[in-house]
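Chain by chain, the residues run as shown.
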There are 4 protein chains.
Amino acid sequence: MLRFYTAGESHGKGLVGFLEGLPAGLEIDRGFIDRQLRRRQLGYGRGGRMAIESDRVEVLAGVRHGRTLGSPVAFLVENKDWANWTAAMSPDPVAGASDDDLRRVTRPRPGHADLAGAVKYQTHDVRDVLERASARETAARVAGGAFCRTLTACFGVEVASHVLAIGAARVATGFESLPLAAILAIDQDDPAGLRVADAEAARRMAALIDGAGRDGDTLGGVVEVVAGGVPPGLGSHVQWDRRLDGRIAQAMMSIPSAKAVEVGAGVEGAHNPGSLVHDAISYDAAACRFTRATNRAGGVEGGVSNGEELRVRVHLKPIPTLRRPLASVDVEGKQPFDAAVERGDVCAVPAAGVVAEAMLGVVLAEAFVEKFGGDSLAEMRRNFDGYMELVRGF
Amino acid sequence: MLRFYTAGESHGKGLVGFLEGLPAGLEIDRGFIDRQLRRRQLGYGRGGRMAIESDRVEVLAGVRHGRTLGSPVAFLVENKDWANWTAAMSPDPVAGASDDDLRRVTRPRPGHADLAGAVKYQTHDVRDVLERASARETAARVAGGAFCRTLTACFGVEVASHVLAIGAARVATGFESLPLAAILAIDQDDPAGLRVADAEAARRMAALIDGAGRDGDTLGGVVEVVAGGVPPGLGSHVQWDRRLDGRIAQAMMSIPSAKAVEVGAGVEGAHNPGSLVHDAISYDAAACRFTRATNRAGGVEGGVSNGEELRVRVHLKPIPTLRRPLASVDVEGKQPFDAAVERGDVCAVPAAGVVAEAMLGVVLAEAFVEKFGGDSLAEMRRNFDGYMELVRGF
Amino acid sequence: MLRFYTAGESHGKGLVGFLEGLPAGLEIDRGFIDRQLRRRQLGYGRGGRMAIESDRVEVLAGVRHGRTLGSPVAFLVENKDWANWTAAMSPDPVAGASDDDLRRVTRPRPGHADLAGAVKYQTHDVRDVLERASARETAARVAGGAFCRTLTACFGVEVASHVLAIGAARVATGFESLPLAAILAIDQDDPAGLRVADAEAARRMAALIDGAGRDGDTLGGVVEVVAGGVPPGLGSHVQWDRRLDGRIAQAMMSIPSAKAVEVGAGVEGAHNPGSLVHDAISYDAAACRFTRATNRAGGVEGGVSNGEELRVRVHLKPIPTLRRPLASVDVEGKQPFDAAVERGDVCAVPAAGVVAEAMLGVVLAEAFVEKFGGDSLAEMRRNFDGYMELVRGF
Amino acid sequence: MLRFYTAGESHGKGLVGFLEGLPAGLEIDRGFIDRQLRRRQLGYGRGGRMAIESDRVEVLAGVRHGRTLGSPVAFLVENKDWANWTAAMSPDPVAGASDDDLRRVTRPRPGHADLAGAVKYQTHDVRDVLERASARETAARVAGGAFCRTLTACFGVEVASHVLAIGAARVATGFESLPLAAILAIDQDDPAGLRVADAEAARRMAALIDGAGRDGDTLGGVVEVVAGGVPPGLGSHVQWDRRLDGRIAQAMMSIPSAKAVEVGAGVEGAHNPGSLVHDAISYDAAACRFTRATNRAGGVEGGVSNGEELRVRVHLKPIPTLRRPLASVDVEGKQPFDAAVERGDVCAVPAAGVVAEAMLGVVLAEAFVEKFGGDSLAEMRRNFDGYMELVRGF
């Protein structure tokens with residue numbers, strides 16, 4: 001059983017992560033975690049705040065001398081801007097403060113949780129909602145995901161993502177289903193931080209972002225997340241809530257701005273006849289391994305991982321905070337107003353890719369813990385190795 | 001807290017449903033449940049088995065004199081074919097039976113859980129897996145979903161689905177985002193059981209299905225599920241696993257053959273700039289209600305229902321059991337073979353729509369129970385009414 | 001992850017069990033399960049109903065040819081009396097039936113869920129509550145527990161119980177902390193079904209029961225449940241809800257009539273100084289095993305099993321349904337009445353011991369699945385063996 | 001749904017609490033929380049460390065301007081001693097440090113998680129286990145419980161505890177089942193911090209503690225926790241894991257040193273005939289309320305709260321860390337040694353009472369959230385009031 005939750009508001013003291021279920025004895029490399037946090041902050045089209053912050057994880061519990069203890073891990077990612085928000089976001093009452101000091105917000109922005117959340121939690125200060133609903137929260141997910149990926153990496157699982165589209169600009173077909181190694185190569189080589197393999201498309205995307213920035217508009221896009229080295233047999237067909245693809249879909253759709261999730265051929269596979277969609281099975285006697293020449297299933301059949309690469313696509317709507325005003329209504333007087341902000345990100349698609357990697361890491365670590373049990377890395381490894389032997393001898 | 005699980009094998013005694021958390025005092029109409037079961041069995045392109053079975057729910061527990069007791073509901077949907085499978089699927093050992101009597105299967109079909117499941121559960125008789133992984137299991141989901149929809153219907157929630165595409169045949173644009181009333185009308189009027197609003201498209205779809213049937217091929221497609229009357233405030237932005245869209249995505253992706261899930265504008269929204277994607281907010285003073293002229297969000301913002309129609313699309317791959325052989329490998333001798341079946345369904349997309357309605361019903365009932373609490377319908381109604389008053393007075 | 005739930009009313013069609021998480025390939029002996037069901041029905045002091053019923057499990061799902069499939073197990077234990085209750089407990093409305101036909105109850109019995117449950121679920125027909133709250137439900141627990149014990153038995157775990165006290169009659173001190181083998185021996189040798197090792201005490205108990213029967217009174221008592229062969233390392237100190245003793249306490253306290261639970265020296269240990277309570281640790285080099293000469297801890301230290309026998313005591317209040325009237329109030333007219341029944345059990349303490357064994361089996365199976373993972377018995381065994389090797393080499 | 005978890009090691013940076021599910025708009029009084037933390041640290045028989053620390057809660061998330069936001073609450077209770085342990089408990093590797101610097105422990109203490117935990121998590125440095133298993137962790141529970149009690153207090157629920165026994169010294173019978181008001185009065189009036197109503201018994205207890213301190217021994221005892229103002233209908237009889245008494249039993253047994261839990265008459269009730277154990281029901285027409293002259297059930301019947309005071313007793317073994325040596329074995333060389341400490345607490349029974357109050361608070365808040373739903377205090381109050389009206393009109 002793995003439990004992963006976050007807490008924290010966007011301008012509060014920081015984001016808190018709670019992660020229980022990692023085996024003891026797992027080596028934690030804080031450099032790796034901070035690198036993931038940094039990757040989340042990069043990307044063409046990010047606004048000013050990203051420069052302010054350079055997120056770092058502070059481990060509060062569960063790790064000693066660089067190794068997990070088996071006890072719950074708790075960590076803090078500080079909000080660098082907190083010093084400017086101590087009144088507005090004080091946990092304690094602030095005597096004699098004006099609405100301005102408290103940065104009260106009564107004007108919900110379309111596309112955010114603002115209005116629906118304010119109604120649900122019955123508050124006329126929309127800040128009570130937007131602080132938690134902010135995508136800033138994903139910093140804690142990225143850190144938690146990095147812990148989880150540290151576990152699955154011990155068993156040879158690698159996770160990476162790349163960008164398939166920004167707005168209407170899309171990579172050429174040949175760049176759609178890149179092998180994992182090619183995706184990993186992008187990360188190292190792409191200074192602009194778009195993480196796009198198709199250089200020509202990257203130029204179009206950058207131009208689109210520049211244009212949207214000038215127009216006060218924003219852009220969404222599509223990312224692909226891939227996990228290689230996944231053993232067959234994660235997830236299960238036996239109950240609807242244990243299917244691996246269902247759990248991945250939940251994790252991906254929970255990413256702010258995600259509005260669609262595909263596994264494997266997904267949308268395209270719905271249009272083709274069965275003879276072109278399913279992956280024929282063959283057997284590689286040398287490797288003692290069932291193989292498939294194609295992977296339209298995206299690594300999951302019947303809710304169970306089949307040993308091929310997990311391939312998932314997430315479609316993200318544009319950032320809802322635009323400089324170009326969207327119409328809205330004040331929750332107090334109910335008068336209409338134009339929701340606009342001075343500055344902000346134009347496009348967060350590459351960052352969403354990093355978050356998607358993290359969430360895939362969380363789901364996979366949970367599936368590993370479930371299937372292989374074990375309270376120490378040594379025990380889990382033994383269980384894993386024993387299973388892989390069964391797989392090869394199947 | 002709502003708990004909904006199913007048990008049962010495709011050719012065993014029947015499918016069992018376990019559903020806990022419905023309030024006491026809810027009137028259960030078995031006609032409604034059986035009607036949903038019947039709807040699942042209809043649809044152009046279904047094969048012979050559908051004729052054999054006419055599913056009916058048998059309530060084993062939790063309902064007395066037509067009303068729920070608050071205790072867990074258990075029900076059975078019998079497998080009509082069970083009489084012919086008592087040896088092959090006997091819970092007890094069968095002495096002196098041949099592999100043939102026991103209908104042993106060693107040849108996994110591509111696109112099914114067959115191989116991945118057999119490796120996971122370490123069995124060389126693939127029947128041990130395929131019996132549970134069969135889409136027959138969705139009969140129990142449809143029955144369970146019907147119980148859940150009975151609850152949400154008390155609060156004015158209506159759920160319906162229609163078909164947007166079968167293979168390459170798609171409805172015209174004007175039929176894509178139909179109002180709920182129009183979708184409900186299809187159901188009554190469509191004798192062919194395709195549940196398509198666009199009659200011209202329906203003809204193309206039927207022709208495609210006929211053609212695929214002749215070719216021994218199968219077809220997938222796209223369904224849209226819509227829920228109207230959903231109050232604002234279901235789900236929550238405060239934790240990743242409580243977001244309503246994430247929970248819907250899991251439930252939808254758990255449907256056999258589902259490979260992609262969209263909420264609202266989903267895939268399309270990723271291509272457009274923010275100014276064309278987010279739904280401007282206005283206020284209808286007469287109705288004391290915030291409104292939106294568009295609903296590209298599909299009824300969820302920030303993981304919370306916003307009071308608009310929930311609109312979800314599910315993309316389904318073609319049925320993996322083809323008459324036209326796909327290549328595979330015998331798990332015992334590892335020799336290649338051609339996986340083929342004599343007969344079977346060509347297309348189950350309309351049925352998948354019924355399952356999607358059921359799963360949306362389950363997720364919504366769970367969200368209602370969470371938000372409104374209450375152990376009797378009277379109590380829950382009072383809580384609901386009180387909240388809706390707060391919403392109107394917000 | 002193990003999920004075990006029951007459904008079913010006392011005079012409905014039967015009790016349903018849902019059990020998910022057992023590995024595939026586990027041999028199921030229905031004789032063993034039915035034997036446990038039979039043991040629950042025996043015991044000095046049981047009334048007439050026990051004679052009517054001779055419970056048997058009918059497996060509905062999850063088992064094929066005598067082995068688990070990995071899919072959820074569902075089973076039914078029929079209520080033999082159902083034929084006489086088809087109107088009173090019909091799931092469907094019964095037209096034209098009188099309150100008498102429907103066996104409506106408006107008079108709550110003290111000591112039962114009757115009144116609290118009726119208020120909670122807002123019903124004036126107390127039967128809606130008492131049917132589910134009846135101890136009859138424990139038949140499903142015993143069957144489910146038997147499945148679970150079948151799993152743990154593969155790893156050398158044996159569970160047994162005996163009776164320490166019936167009312168004021170208690171076994172002599174020497175019979176309090178019997179070795180497991182001695183407890184197992186009682187079961188075979190005790191025709192009266194009291195399952196008491198101390199023959200002299202058994203006579204006093206039988207006499208007490210006879211006397212209470214004559215007086216129209218009822219008796220409670222104390223049972224001890226013991227599990228031997230439990231490996232060290234089940235449960236965990238790292239989170240409050242994962243402590244093995246806490247989970248055992250919940251499972252035991254959930255048994256109808258249970259009002260106190262002790263682990264190890266429990267009540268007595270609270271009175272003695274630490275020097276007399278904690279178990280000194282030594283090392284048996286020949287067996288490569290840490291040992292303890294005493295086991296006042298009852299096999300759990302810090303929420304973790306320590307490899308000694310698990311020893312748990314459950315204190316049961318007398319059966320609340322007395323022939324000798326208790327005062328109560330009609331829920332409709334609020335007039336006082338005397339709650340009395342014609343006949344019924346005088347003492348169900350030995351039966352409660354069987355239920356306690358079952359619940360301990362459920363908790364232990366859950367802990368095994370958590371610690372050792374694995375989807376097939378072969379895989380789980382390999383994981384278990386690997387861990388036990390680590391334990392011996394520690 | 002309420003989720004409450006803690007993280008943190010005894011000598012790490014601090015204890016972290018994660019608490020999700022409180023409604024928005026709940027006023028948080030940090031003075032109240034810190035007062036509970038202080039109460040945990042007091043009590044006759046506490047050793048030196050209590051003087052070092054004066055615990056205070058630092059809210060990291062979920063509270064703004066003194067009110068909950070509905071988002072998860074996270075808090076930190078710092079370990080005052082952390083400055084002296086930065087090397088020994090550093091999350092990062094410490095280069096060139098000796099075993100002494102790192103305060104490595106290879107000698108498990110009987111009665112603690114030390115040995116069982118080290119085997120489970122496969123570590124030869126027992127500190128990896130004892131840091132998390134330490135009762136210091138209960139500080140986070142007390143803080144979390146204080147948040148929960150703040151919620152239930154809004155609905156009139158009061159929780160208090162008192163001490164019934166320290167070792168062999170027990171209060172006189174008349175002081176056993178004190179009314180809640182009398183228990184609350186003790187707290188204010190007892191400077192010694194034993195929280196015993198019977199002054200004569202308190203003197204004997206203090207003397208026992210002094211004696212045990214001189215002997216290098218430790219003492220356990222018995223606490224009673226009581227909650228008044230609990231509405232009928234919390235918990236449920238419908239499933240074993242939803243019974244309120246079972247959930248209370250788990251929460252209580254999870255307290256370090258707890259070895260037995262009683263609800264109501266518990267142990268004593270098992271010895272008496274039914275006619276003396278069950279509580280007759282009457283009706284108070286003026287108050288529109290069912291009443292019971294006795295409360296041997298301890299406020300729970302059939303797993304459901306019945307509106308009477310919840311009365312729970314927890315039996316605690318003596319603190320396992322004694323100055324007087326217990327025999328043990330070094331995990332590395334397997335040589336025997338005598339486990340002894342220089343100083344430490346002699347008795348933590350009054351502190352355990354405070355922890356038991358906290359855990360009862362957690363269980364009750366969870367039951368409230370489940371039954372009354374609601375995302376804001378206003379909504380929850382409306383639901384609660386509506387239910388109480390149904391109760392009165394029942």
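About the thresholds
Residues numbered from 1 in each chain as written. Chains lettered and ligands numbered in written order. Predicted model: local features only at pLDDT ≥ 70, side-chain atom pairs only at ≥ 80, totals over all residues. Heavy atoms only, no water. Helix = DSSP H or I, 4+ residues; strand = E, 2+ residues; numbered from the N terminus. Contact = heavy atoms within 4.5 Å. Buried area = accessible area lost by both parts, 1.4 Å probe. Salt bridge = Lys/Arg side-chain N within 4 Å of Asp/Glu carboxyl O. Polar contact = N/O pair within 3.5 Å; in protein donor to acceptor, adjacent residues only side chain to side chain. Pairing = 2+ DSSP bridges. Nonpolar A, V, L, I, M, F, W, Y, C, P; charged D, E, K, R; others polar. Buried < 20%, exposed > 50% of the residue type's maximum accessible area, 1.4 Å probe, protein only. Least-squares fit on C-alpha atoms with pLDDT ≥ 70 in both. Core = buried A, V, L, I, M, F, W, Y, C linked by side-chain atoms within 4.5 Å. Axes fitted to C-alpha atoms, helices over the stretch in contact; angles between N-to-C directions. Parallel < 35°, antiparallel > 145°, perpendicular 65-115°, else oblique. Left-handed = near helix turned anticlockwise from the far one by under 90°. Phe/Tyr/Trp six-rings, centres within 6.5 Å; stacked < 30°, edge-to-face > 60°. Lys NZ or Arg CZ within 6 Å of the ring centre and 35° of its normal. Disulfide = S-S within 2.5 Å.

Chemist: For this particular structure, what's the right way to read unusual backbone geometry?
Modeler: As a rule of thumb, non-glycine residues mostly have phi less than zero, and peptide bonds are mostly trans rather than cis. Unusually for a residue other than glycine, His65 of chain B sits at a positive phi of about 50°. You can see His65 of chain B is positioned in the loop between strand E4 (63–64) and strand E5 (67–68). Phi is positive for Arg103 of chain C, which is not a glycine, with a value near 50°.

Chemist: Which parts of the structure should I look at to understand the interface of chain B and chain A?
Modeler: Size of an interface: often given as the accessible area lost when the parts come together. Contacts between the two partners involve 102 residues from chain B, matched on the other side by 102 residues from chain A. Interface area for chain B against chain A, summed over the two sides, is near 8,300 Å², with a carbon-plus-sulfur share of 63%. Viewed at the interface, chain A and chain B are joined by 0 salt bridges. For the pair chain B and chain A, the interface holds 45 residue pairs in polar contact (both at pLDDT 80 or more). Examining the composition of the side of chain B that touches chain A, we find that 7 residues originate from one element, helix H8 (residues 244–253) of chain B, more than from any other. Two elements, strand E10 (residues 258–263) of chain A and strand E10 (residues 258–263) of chain B, share 3 bridges in a ladder whose sense is antiparallel. Each bridged residue has a counterpart across the sheet, and for Val261 of chain A the counterpart in E10 of chain B is Val261 of chain B.

Chemist: Looking at this structure, how should I read the interface of chain C and chain D?
Modeler: Taken together, the contacts link 102 residues of chain C with 102 residues of chain D. Between chain C and chain D lies a buried interface of about 8,300 Å² when both sides are counted; carbon and sulfur atoms form 63% of it. Counting across the chain C and chain D interface gives 0 salt bridges. Counting every contact that joins chain C to chain D gives 45 residue pairs in polar contact (both at pLDDT 80 or more). In terms of residues, the side of chain C that touches chain D owes the most to one element, helix H8 (residues 244–253) of chain C, which gives 7 residues. Of the residues belonging to the side of chain C that touches chain D, the class tally is 51 nonpolar, 31 polar and 20 charged.

Chemist: Honestly, the environment of Asp245 of chain D in this entry has me stumped. Any pointers?
Modeler: All names here are of chain D. By the secondary structure assignment, Asp245 is in helix H8 (residues 244–253). A relative accessible area of 6% places Asp245 in the buried class. The spatial distance from the C-alpha of Asp245 to the C-alpha of Glu301 is 8.7 Å, given a sequence separation of 56 residues.

Chemist: How should the relation of the copies chain B and chain A be read in this particular structure?
Modeler: The second copy of the chain is related to the first by a rotation about an axis and a shift along the axis. Mapping chain B onto chain A calls for a screw motion: a turn of 180° about the axis and a shift of 0.0 Å along it, with 0.0 Å RMSD after fitting. On this basis, the relationship between the two copies can be described by a two-fold rotation axis. Closest approach to the rotation axis among the C-alpha atoms of chain B is made by Gln250 of chain B, whose C-alpha sits 2.4 Å away. When the interface residues of chain B are mapped onto chain A, 100% of them are again interface residues, pointing to one common binding face.

Chemist: How should the nonpolar core be read in this particular structure?
Modeler: Soluble, globular proteins show a tendency: their nonpolar side chains are buried together. Phe147 and Met252 of chain C together with Phe147 and Met252 of chain D are the most contacted members of the largest nonpolar core, which totals 202 residues. Once you skip the residues sitting within four places of it in the chain, Phe147 of chain C turns out to touch Leu19, Leu22, Leu26, Ile28, Ile33, Val59, Val63, Val73 and Phe75 of chain C. Counting 199 residues, the second largest nonpolar core, distinct from the first, contains Val355 of chain A together with Leu115, Ala227 and Met380 of chain B.

Chemist: Would you mind showing me how to read the pairing of strand E11 (residues 281–284) of chain C here?
Modeler: Every regular strand shows the same layout, with side chains that alternate between the two sheet faces. When E11 of chain C meets strand E12 (residues 289–292) of chain C, the two strands line up antiparallel, connected through 4 bridges. The partner of Ile281 of chain C across the bridge, within E12 of chain C, is Arg292 of chain C.

Chemist: Mind showing me how you'd approach the pairing of strand E7 (residues 158–166) of chain B here?
Modeler: All names here are of chain B. Counting buried positions along E7 yields 8 of 9 residues, so the element is predominantly enclosed. Here E7 pairs with strand E8 (residues 169–170) via 2 bridges, running antiparallel. Bridging from a neighbouring strand, Ile166 pairs with Ala169 of E8. Turn length for the E7-E8 hairpin, with the two strands adjacent in sequence and antiparallel, is 2 residues, and the turn residue Gly167 shows positive phi of about 50°.

Chemist: Looking at this structure, I do not really get the environment of Ala351 of chain B. What am I missing?
Modeler: Structurally, Ala351 of chain B can be placed in helix H10 (residues 349–372). Once you skip the residues sitting within four places of it in the chain, Ala351 of chain B turns out to touch Arg40 and Arg46 of chain B.

Chemist: For this particular structure, what's the right way to read the packing of helix H5 (residues 138–153) of chain B against H10 of chain B?
Modeler: For any two helices packed against each other, one specifies the crossing angle of their axes together with the interaxial distance. Residues and elements named next belong to chain B. Closest axis-to-axis distance for the H5/H10 pair is 7 Å, and the angle between their directions is 45°. What the angle tells us is that H5 and H10 run oblique. When the axes of H5 and H10 are compared, the crossing they make is left-handed. Of the residues in H10, those touching H5 at Thr138, Arg141, Val142, Gly145, Cys148, Arg149, Leu151 and Thr152 are Val354, Val355, Glu357, Ala358, Met359, Gly361, Val362, Leu364, Ala365, Phe368 and Val369. Residue composition of the contact of H5 with H10, grouped by class: 12 nonpolar, 4 polar and 3 charged.

Chemist: Where do I start with the pattern of salt bridges in this structure?
Modeler: If the charged atoms of two oppositely charged side chains come close together, the side chains can form a pair. Tallying each qualifying case throughout the model produces 140 salt bridges over all chains. Among the ionic pairs, Arg313 of chain A bridges to Glu176 of chain A, the shortest N-O distance being 3.3 Å. Taken together, the residues Arg313 of chain A in strand E15 (residues 310–316) and Glu176 of chain A in the loop between strand E8 (169–170) and helix H6 (180–189) connect sequence positions 137 residues apart. Both residues of the pair, Arg313 of chain A and Glu176 of chain A, count as buried. Between Glu332 of chain C and Arg104 of chain C there is a salt bridge, with its nearest N and O atoms 3.4 Å apart. Of the two residues, Glu332 of chain C is situated in the loop between strand E16 (326–329) and strand E17 (336–339) and Arg104 of chain C in the loop between strand E6 (73–78) and helix H3 (114–121); the sequence distance between them amounts to 228 residues.

Chemist: Would you mind going over the packing of aromatic side chains with me for this structure?
Modeler: Between two aromatic rings, the relevant description is the distance of the centres plus the angle of the planes. Scanning the model with the defined rule gives 44 aromatic pairs over all chains in all. Geometrically, the ring pair formed by Phe368 of chain A and Phe372 of chain A is tilted, given 5.3 Å between the ring centres and 50° between the ring planes. Of this pair, Phe368 of chain A and Phe372 of chain A are both found in helix H10 (residues 349–372), 4 residues apart, which corresponds to roughly one turn of the helix. Here Phe75 of chain B and Phe147 of chain B contribute two aromatic rings whose centre-to-centre distance is 5.6 Å and whose plane-to-plane angle is 15°, an arrangement assigned as stacked. You can see Phe75 of chain B sitting in strand E6 (residues 73–78) and its partner Phe147 of chain B sitting in helix H5, a full 72 residues away along the chain. For Phe75 of chain B, a relative accessible area of 0% corresponds to the buried category. An aromatic cluster is defined as three or more aromatic residues linked by ring pairs; in this entry it consists of Phe155, Phe368, Phe372, Phe384 and Tyr387 of chain A. It is Lys120 of chain C that lies over the ring of Tyr121 of chain C; its NZ or CZ is 5.6 Å from the centre.

Chemist: I keep staring at the sheet that holds strand E9 (residues 221–228) of chain B and nothing clicks. Help me out?
Modeler: Each strand in a sheet pairs with another by means of backbone hydrogen bonds, the pair being arranged parallel or else antiparallel. Read across the sheet, 10 strands follow the order E8(A)-E7(A)-E9(A)-E15(A)-E10(A)-E10(B)-E15(B)-E9(B)-E7(B)-E8(B) without closing on themselves; strand pairing throughout is antiparallel. With partners counted over all chains shown, the strands left at the sheet margins are E8 of chain A together with E8 of chain B, one partner each. Across 5 bridges, E10 of chain A lies against E15 of chain A in antiparallel orientation. Residue pairing across strands places Val263 of chain A opposite Val312 of chain A, the latter belonging to E15 of chain A.

Chemist: Quick question: what am I supposed to make of the state of the cysteines here?
Modeler: Simply put, the disulfide is a covalent bond whose two ends are the sulfur atoms of two cysteines. Residue and element names in this part refer to chain D. Tallying each qualifying case throughout the model produces 0 disulfides over all chains. Cysteine Cys148 remains unbridged, with the sulfur of Cys154 as its closest cysteine sulfur at 12 Å. Since its relative accessible area comes to 0%, Cys148 is described here as buried.

Chemist: Sorry, what's going on with the sheet that holds strand E2 (residues 14–20) of chain C here?
Modeler: Residue and element names in this part refer to chain C. With antiparallel pairing, 4 strands are arranged side by side in an open sheet as E1-E2-E6-E3. The open sheet terminates on both sides in strands that have one partner only, identified here as strand E1 (3–7) and strand E3 (57–61). Strand-to-strand twist in this sheet, taken as the mean axis angle between neighbours without regard to direction, amounts to 20°. As judged from the 5 bridges shared by E1 and E2, these two strands associate in the antiparallel manner. Bridging across to E2, Phe4 finds its partner in Leu19. In this fold helix H1 (residues 30–41) packs onto E3 and E6, with an angle of close to 130° to the strand it touches most, E3.

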